[in-house]
Amino acid sequence: MNTAWIFKLPPRLRAWLVRVGFNLHPPFRGTGGRITYVSDDLLQMRARLPHSWKTKNIVGSIYGGSLFAVTDGPHPMMLMAALGPSVVVWDKNATIRYRKPAFTELTVDFILSDGDLAAIRAALDSVQECSHRFVMDLIDSDGQSHATIERIIYIAKKSFYQEKIKQAL
């Protein structure tokens, strides 16, 4: 799918569309979470995960699947937006470390820093593929972490990836 048209939109409208798109997308909607903020440059996002009947488990805390699933998607989307249509981006691996049960609303920030982008671009220029690690915490209003999620994202130049897939067949 060609998404180049989105970059012709004004930054504020583009950020609004990303936020609304995430919140309307059925798999993300099913997490119980909502994207509450997207920066105009699409390099930062924030999600809110409420403590509600949709997210509670049998003991009344936020369900671990919701904690994990609310972090699925923002980093790959941010990478695709920053690196353009000539790259392939996939989730490669993810882990969660539960720290303590959550009985209140949580938030999680997704940040794609200039350092992250520089390292990824350097790797793509030299070896045409790389994996990048992102770590985020789901925190309550007091700043207490309830879960730490690590996601490993695979990024490759599209031409390299397509050739690699052909050779694998």
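Above: the structure in question.
Residues numbered from 1 in each chain as written. Predicted model: local features only at pLDDT ≥ 70, side-chain atom pairs only at ≥ 80, totals over all residues. Heavy atoms only, no water.

Asker: Mind showing me how you'd approach the overall build of the chain here?
Answerer: If you tally the helices and strands in the chain, you get six helices and six strands. Beginning at the N terminus, the succession of helices and strands in the chain can be written as α-α-β-β-α-α-β-β-α-β-β-α. Relative to its length of 169 residues, the chain is compact, with a C-alpha radius of gyration of 17 Å against a globular reference of 15 Å. In terms of its C-alpha atoms, the chain occupies a principal-axis envelope of roughly 50 × 35 × 30 Å. Across the 169 residues of the chain, 41% fall into the buried class. In the chain, of all internal contacts separated by at least 6 residues, the share reaching a separation of at least 24 is 65%. (Helix = DSSP H or I, 4+ residues; strand = E, 2+ residues; numbered from the N terminus. Rg over C-alpha atoms; globule rule 2.2 N^0.38 Å. Buried < 20%, exposed > 50% of the residue type's maximum accessible area, 1.4 Å probe, protein only. Contact = heavy atoms within 4.5 Å.)

Asker: What's the story with helix 4 (residues 74–83) in this structure? I'm lost.
Answerer: Since the α-helix packs 3.6 residues into each turn, any two residues three or four apart lie on the same face. With respect to burial, helix 4 is a largely interior element, eight of its ten residues being buried. Listed as buried for helix 4 are P74, H75, P76, M77, M78, L79, A81 and L83. One or two positions beyond helix 4, positive phi appears at G84, with a value near 90°.

Asker: Sorry if this is basic, but what is going on with the packing of helix 4 against helix 5 (residues 114–127) here?
Answerer: Packed helices, taken two at a time, are described by the angle their axes make and the gap between the axes. Look at helix 4 against helix 5: their axes get within 12 Å of each other, and the N-to-C directions meet at 65°. Taken together, the axes of helix 4 and helix 5 lie roughly perpendicular to each other. Seen from above, helix 4 lies across helix 5 with right-handed handedness. Facing helix 4, whose interface residues are L79, A82 and L83, helix 5 presents L117, I120, R121 and L124. (Axes fitted to C-alpha atoms, helices over the stretch in contact; angles between N-to-C directions. Parallel < 35°, antiparallel > 145°, perpendicular 65-115°, else oblique. Left-handed = near helix turned anticlockwise from the far one by under 90°.)

Asker: Help me out: how do you make sense of the pattern of salt bridges in this one?
Answerer: Between side chains of opposite charge, pairing is possible as soon as their charged atoms come close. Using the criterion set out here, one finds eight salt bridges in the structure. The salt bridge involving D40 is made with R12; its shortest N-O contact spans 3.7 Å. One end of the pair, D40, is in the loop between strand 1 (34–38) and strand 2 (44–49); the other, R12, is in helix 1 (residues 11–24), with 28 residues separating them in the sequence. We classify D40 as partly exposed; its relative accessible area is 32%. Between K157 and D125 there is a salt bridge; the shortest N-O distance is 3.9 Å. (Salt bridge = Lys/Arg side-chain N within 4 Å of Asp/Glu carboxyl O.)

Asker: Please explain unusual backbone geometry as it appears in this structure.
Answerer: Residues other than glycine predominantly adopt negative phi, and peptide bonds predominantly adopt the trans conformation. Here L42, not a glycine, exhibits a phi torsion of approximately 60°, which is positive. Topologically, L42 is positioned in the loop between strand 1 and strand 2. Accessibility expressed as a relative area gives 3% for L42, which makes it buried. A positive phi angle, close to 70°, is found at Q128, a residue other than glycine. Examined against the element boundaries, Q128 turns out to sit in the loop between helix 5 and strand 5 (129–139). Its relative accessible area of 30% is what places Q128 among the partly exposed residues.

Asker: Would you explain the nonpolar core in this entry?
Answerer: A general trend in soluble globular proteins is that nonpolar side chains are found buried together. Counting residues in each nonpolar core, the largest one holds 38 residues, and the members touching the most others are M45, L79, L83, L138 and I155. Considering every element that reaches this core, the biggest residue donor is helix 4, with five residues. Residues in contact with L79, not counting those within four places in the same chain, are G84, V89, L112, I120, F134, I153 and I155. (Core = buried A, V, L, I, M, F, W, Y, C linked by side-chain atoms within 4.5 Å.)

Asker: What exactly am I supposed to notice about the packing of aromatic side chains here?
Answerer: Two measures describe an aromatic ring pair: the distance that separates the ring centres and the angle between the ring planes. In this structure the tally under the stated criterion is two aromatic pairs. When the ring of F22 is compared with that of F28, the centres are 5.3 Å apart and the planes differ by 85°; the resulting orientation is edge-to-face. Per residue, the accessibility class of F22 equals that of F28, and both read buried. Here the guanidinium or amino end of R151 rests over the ring plane of F68, the centre of that ring lying 4.8 Å away. (Phe/Tyr/Trp six-rings, centres within 6.5 Å; stacked < 30°, edge-to-face > 60°. Lys NZ or Arg CZ within 6 Å of the ring centre and 35° of its normal.)

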